[in-house]
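# Inside the fold
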Amino acid sequence: MIRTIFLLIALSLLYACSDLPALRADHPLLPVRAYEQLIVGRLDADYVGDANCLAQCHKHDEIHRDFQMSVHGEQISPETGLPLVNCESCHGPGSLAILNAKENDKCDFKTLLQLEELPSQAQSLICLKCHSAASTPNLHYWNGSIHASSDVSCFDCHKLHQGPQQKVSRQEMDEMCYACHINARMEFAQFSRHPVRERKMACVDCHEPHGSAQKHDLKGITVKELCTRCHMDKQGPFVYEHADLAENCLTCHSHHGSTNNSLLRTSEPFLCLQCHAGHQDYSHPSLATDGLKGAFYSRCTSCHSSIHGTDVPSAKGRGTFIAR
């Protein structure tokens, strides 16, 4: 079914692009009629234009004002020569809605597309008829994203009738994401955490909500590349580099929050000993010897402070991540 829908959309767009004078005419995008047929099968209404819609209902004045202040209202104007985005682009043709508006003193909204009753995939198709992956690069992964396959639609995050801000603000974003990502709320409540609650970061700083080639919709080519956009001092390269850190910061750090300092997954020295087991061996200088037993009550990074990497060798000619 989905393939059929996209095939019809592609054919409609191909036809639309071959008829530029019609595209520049003062009426909604041509493919919208195909969408209506696919979604509700209603083609017995005609387009009447924003002016006719607004003239029948003063309540629309405020909604129209907010829309005109938005990105859609300001950038997509008749002067641009581009296809218009107006009320009927999303709500369908309005001739039946205003047919008896004067007698009834109100519009018949039931004759318009009932957007809120459509399944999430159909709601998104209303937006995607213009915002294709070709024109909006961040939608390249949308159809295969976890959000698209989890009944999340464009309308859940983007609000077209709330003024210039047509998407959820950074201040409101964490609460919106927590509604589904319950674990994230708990993790960001930990003692050590990324400053999302302080509004210094937002979920979209690390995650691409429209989909990504990375796990968990992460931005960046690798986890390290993403983390070092902010933690640039950990980027390197170093002459003596901590091997695991060259691949994945999450080997040691919990990305959202932790009960340990510096977002560590496990407290020191036990985190380090998971890899450096030699320090527990009696045949080597180890924490098991009487002189080093106290280290169990301390932190490895108290001495090895350049744990991410260093260019300074030790007296033995090796890097020990000790800042000197």
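All values reported here derive from a predicted model rather than from experimental measurement.

Rules used in this analysis
- Residues numbered from 1 in each chain as written.
- Predicted model: local features only at pLDDT ≥ 70, side-chain atom pairs only at ≥ 80, totals over all residues.
- Heavy atoms only, no water.
- Helix = DSSP H or I, 4+ residues; strand = E, 2+ residues; numbered from the N terminus.
- Buried < 20%, exposed > 50% of the residue type's maximum accessible area, 1.4 Å probe, protein only.
- Contact = heavy atoms within 4.5 Å.
- Arc of directions from axis to C-beta.
- Disulfide = S-S within 2.5 Å.
- Polar contact = N/O pair within 3.5 Å; in protein donor to acceptor, adjacent residues only side chain to side chain.
- Phe/Tyr/Trp six-rings, centres within 6.5 Å; stacked < 30°, edge-to-face > 60°.
- Core = buried A, V, L, I, M, F, W, Y, C linked by side-chain atoms within 4.5 Å.
- Salt bridge = Lys/Arg side-chain N within 4 Å of Asp/Glu carboxyl O.
- pLDDT = per-residue confidence, 0-100.

## Overview of the overall build of the protein chain
Per the secondary structure count, the protein chain includes 13 helices and four strands. Here the protein chain, with 324 residues, has 33% of them falling under the buried criterion. Taking as baseline every contact in the protein chain between residues at least 6 positions apart, the subset at least 24 positions apart corresponds to 52%.

## Here we look at helix α10 (residues 170-178)
Met173, Asp174 and Tyr178 are the residues of α10 that are buried. The buried residues of α10 occupy one face: seen down the axis, they fall within an arc of 120°. Residues of α10 that are buried sit in contact with α11 (182-187).

## So, helix α9 (residues 120-128)
Burial of α9 is extensive: eight of the nine residues sit out of reach of the surface. Looking at α9, one finds that the buried residues are Ser120, Ala122, Gln123, Ser124, Leu125, Ile126, Cys127 and Leu128.

## Some remarks on the state of the cysteines
All chains considered together, the criterion is met by zero disulfides. Its sulfur unpaired, Cys177 is 3.8 Å from the next cysteine sulfur, which belongs to Cys203. Cysteine Cys227 remains unbridged, with the sulfur of Cys249 as its closest cysteine sulfur at 4.0 Å. By relative accessible area, which is 24% here, Cys227 ends up partly exposed.

## Concerning the environment of Arg170
Positionally, Arg170 belongs in helix α10. For Arg170, a relative accessible area of 40% translates into the label partly exposed. At 2.9 Å, the side chain of Arg170 forms a polar contact with the side chain of Asp205.

## Notes on the packing of aromatic side chains
Scanning all chains against the criterion turns up one aromatic pair. Ring geometry for Tyr178 and Phe188: centres 6.4 Å apart, planes at 40°, overall tilted. Of this pair, Tyr178 sits in helix α10 while Phe188 sits in the loop between α11 and β1 (192-193), and the two are ten residues apart along the sequence.

## What to know about the nonpolar core
Counting residues in hydrophobic clusters, the biggest one holds six residues: Cys90, Leu113, Leu115, Leu118, Ala122 and Ile126. Other than its neighbours up to four places away in sequence, Leu115 contacts Cys90, His91, Gln123, Ile126 and Phe155.

## Re the side chain of Ser258
Looking at the element boundaries, Ser258 is found in strand β3 (residues 257-258). Within the structure, the side chain of Ser258 is placed 3.0 Å from the backbone nitrogen of Asn260, a separation counted as a polar contact. From its side chain, Ser258 meets the backbone oxygen of Leu264 in a polar contact 2.5 Å long. Not counting residues within four places of it along the chain, the set of residues in contact with Ser258 comprises Gln190, Phe191, Ser192, Leu263 and Leu264.

## Here's the deal with the pattern of salt bridges
Under the defined criterion, the tally for this structure stands at seven salt bridges. Across the pair Arg170 and Asp205 runs a salt bridge whose closest N-O atoms are separated by 2.9 Å. On the criterion of sequence distance, the pair formed by Arg170 in helix α10 and Asp205 in the loop between β1 and α12 (223-227) is long-range, its members being 35 residues apart. With a relative accessible area of 30%, Asp205 lands in the partly exposed category. Residues Arg193 and Glu198 are paired through a salt bridge, measuring 2.5 Å at the closest nitrogen-oxygen approach. Look at Glu198 and you get partly exposed, because its relative accessible area is 39%.

## Regarding the side chain of Glu208
For Glu208, the position within the fold is in the loop between β1 and α12. The contact partners of Glu208, leaving out residues within four places of it in the chain, are Asn138, Asp217 and Lys219.

## Overview of the confidence of the model for the protein chain
With 73% of its residues at a pLDDT of at least 70, the protein chain reaches an overall mean of 78. Element-level mean pLDDT values for the protein chain span from 54 in helix α2 (residues 20-23) up to 93 in β1.

## Comments concerning the environment of Leu250
Its place among the elements puts Leu250 in the loop between β2 (240-241) and β3. For Leu250, a relative accessible area of 24% corresponds to the partly exposed category. Residues in contact with Leu250, not counting those within four places in the same chain, are Val223, His255 and Arg265.

## Observations concerning the environment of Lys129
As for its placement among the helices and strands, Lys129 is situated in the loop between α9 and α10. Classification of Lys129 by relative accessible area gives buried; the value is 6%. Residues Lys129 and Ser89, 40 residues apart in the sequence, show an inter-C-alpha distance of 9.8 Å.

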